[in-house]
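These are the residues of each chain, in order.
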Amino acid sequence: MLNGLPQPKKALGVIQINERPLFPVSWLYKQEYCEYQIYLENIAGIKVKPTKQMVAGKQAHENLYQGFKKEAVPVSFDGMLLESKKVQIFSRELSVKDLGHGIYGFIDEVLMTPETFVVIDDKPGTKTYLSSINQVFGYCLAFQSVVAQDNRPVVAALRERGTDNMYWRVPFDLEAAGYITALIERIHLLLVGELEFNSSDNPNKCRACRFRERCDRLCL
Ligand code: SF4
């Protein structure tokens, strides 16, 4: 036991590559909302229904991806990098695995131009939540690790789902990389039981939380 919580043997969603645990980048969104959600869902294994917004979001993603697939030309990742030095191209649902930082996921879209890489996460609405920033920074870090030999700068962007409205974009610089690396390390320490999971003290978050019926730290 650690601070009243059982030591995790296995966390749902964590994969192992060469004995290195990798967690999904989307956890960076959950961590900022309330990291106790990670404990409840992925370590305690509590299952709750997805919210209507989650179901709608998944469907919207799928629709966008199917539309993209109809037009897309199959090409290797190295081929994309090479082509994008001449013309602007984009890739959807790009799989990234970053063994160095221990994260993996699928990036909604990467716009590759001869000058830059824009890592885009689609969101419902146009509010710039810190949780959304953390998630897209995680994707930038993972993407940067797979294009380490390419010196084009990476830009992080949030886009209103189903539109071209990139309502937030910033350079993914050293400061952003250091910030998100520290958060990722925190989650790895939580997973091995060296830190205690914090929980939200914001009643508005708890009221909107899908775990509220099962959470022993609910604050209202
Ligand atoms: S109910 Fe509140 S404390 Fe519990 S997981 Fe949800 S946001 Fe966190």
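Here we summarise the structure given alongside this text. (Residues numbered from 1 in each chain as written. Predicted model: local features only at pLDDT ≥ 70, side-chain atom pairs only at ≥ 80, totals over all residues. Heavy atoms only, no water.)

## Notes on the pairing of strand β7 (residues 166-171)
As paired strands, strand β6 (residues 154-160) and β7 are joined by 5 bridges and run antiparallel to one another. The residue of β7 that forms the bridge with alanine 157 is arginine 169. Where β6 hands over to β7, the hairpin turn is made up of 5 residues, of which glycine 162 adopts a positive phi near 80°. (Pairing = 2+ DSSP bridges. Helix = DSSP H or I, 4+ residues; strand = E, 2+ residues; numbered from the N terminus.)

## Here's the deal with the side chain of glutamine 31
Relative to the assigned elements, glutamine 31 resides in helix α1 (residues 27-34). A polar side-chain atom of glutamine 31 sits 2.8 Å from a polar atom in the side chain of glutamate 35. Residues within four places of glutamine 31 in sequence aside, it is in contact with Ile38, Leu183, Arg186 and Ile187. (Polar contact = N/O pair within 3.5 Å; in protein donor to acceptor, adjacent residues only side chain to side chain. Contact = heavy atoms within 4.5 Å.)

## Concerning helix α5 (residues 130-146)
Note that an α-helix has 3.6 residues per turn; residues three or four places apart therefore point the same way. Relative to the 24 Å expected for 17 residues at 1.5 Å per residue, α5 spans 25 Å between its end C-alpha atoms, a close match to the ideal helical length. Of all the 17 residues making up α5, 13 are buried; the element is thus mostly covered by neighbouring parts of the structure. (Expected span 1.5 Å × (residues − 1). Buried < 20%, exposed > 50% of the residue type's maximum accessible area, 1.4 Å probe, protein only.)

## Comments concerning the packing of aromatic side chains
Taken as a whole and assessed by the stated rule, the structure comprises 8 aromatic pairs. Their ring planes at 15° and their centres at 5.6 Å tell us that phenylalanine 23 and tryptophan 27 sit as a pair that is stacked. Grouping residues by exposure puts phenylalanine 23 and tryptophan 27 together as buried. Each ring, one from phenylalanine 77 and one from phenylalanine 143, has its centre 6.4 Å from the other, and the planes form 80°; the classification is edge-to-face. Residue phenylalanine 77 is found in helix α4 (residues 77-83), and its partner phenylalanine 143 is found in helix α5; the two are separated by 66 residues along the sequence. Over the ring of tyrosine 33 we find lysine 205, and its NZ or CZ is 5.2 Å from the ring centre. The ring of tyrosine 36 has arginine 217 lying over it, and the distance from NZ or CZ to the ring centre is 4.0 Å. (Phe/Tyr/Trp six-rings, centres within 6.5 Å; stacked < 30°, edge-to-face > 60°. Lys NZ or Arg CZ within 6 Å of the ring centre and 35° of its normal.)

## A word on the site of the ligand
Surveying the vicinity of the ligand reveals the residues Cys34, Gln37, Leu40, Ser199, Cys206, Cys209, Arg212, Cys215, Arg217 and Leu218. Here the residues of the shell around the ligand are counted per class, giving 6 nonpolar, 2 polar and 2 charged. (Near = heavy atom within 4 Å. Nonpolar A, V, L, I, M, F, W, Y, C, P; charged D, E, K, R; others polar.)

## Points about the pattern of salt bridges
One pass over the structure, following the stated rule, counts 12 salt bridges. The salt bridge partner of lysine 86 is glutamate 83, with a shortest N-O separation of 3.5 Å. A salt bridge links arginine 217 to glutamate 196; the shortest N-O distance between them is 3.5 Å. Highlighted residues: arginine 217 in the segment after α7 (203-208) and glutamate 196 in the loop between α6 (174-191) and α7, separated in sequence by 21 residues. Classification of arginine 217 as partly exposed rests on a relative accessible area of 22%. The class of glutamate 196 is partly exposed, set by a relative accessible area of 35%. Linked through salt bridges whose partners overlap, the residues forming this network are Arg92, Glu93, Glu109, Asp122 and Arg159. (Salt bridge = Lys/Arg side-chain N within 4 Å of Asp/Glu carboxyl O.)

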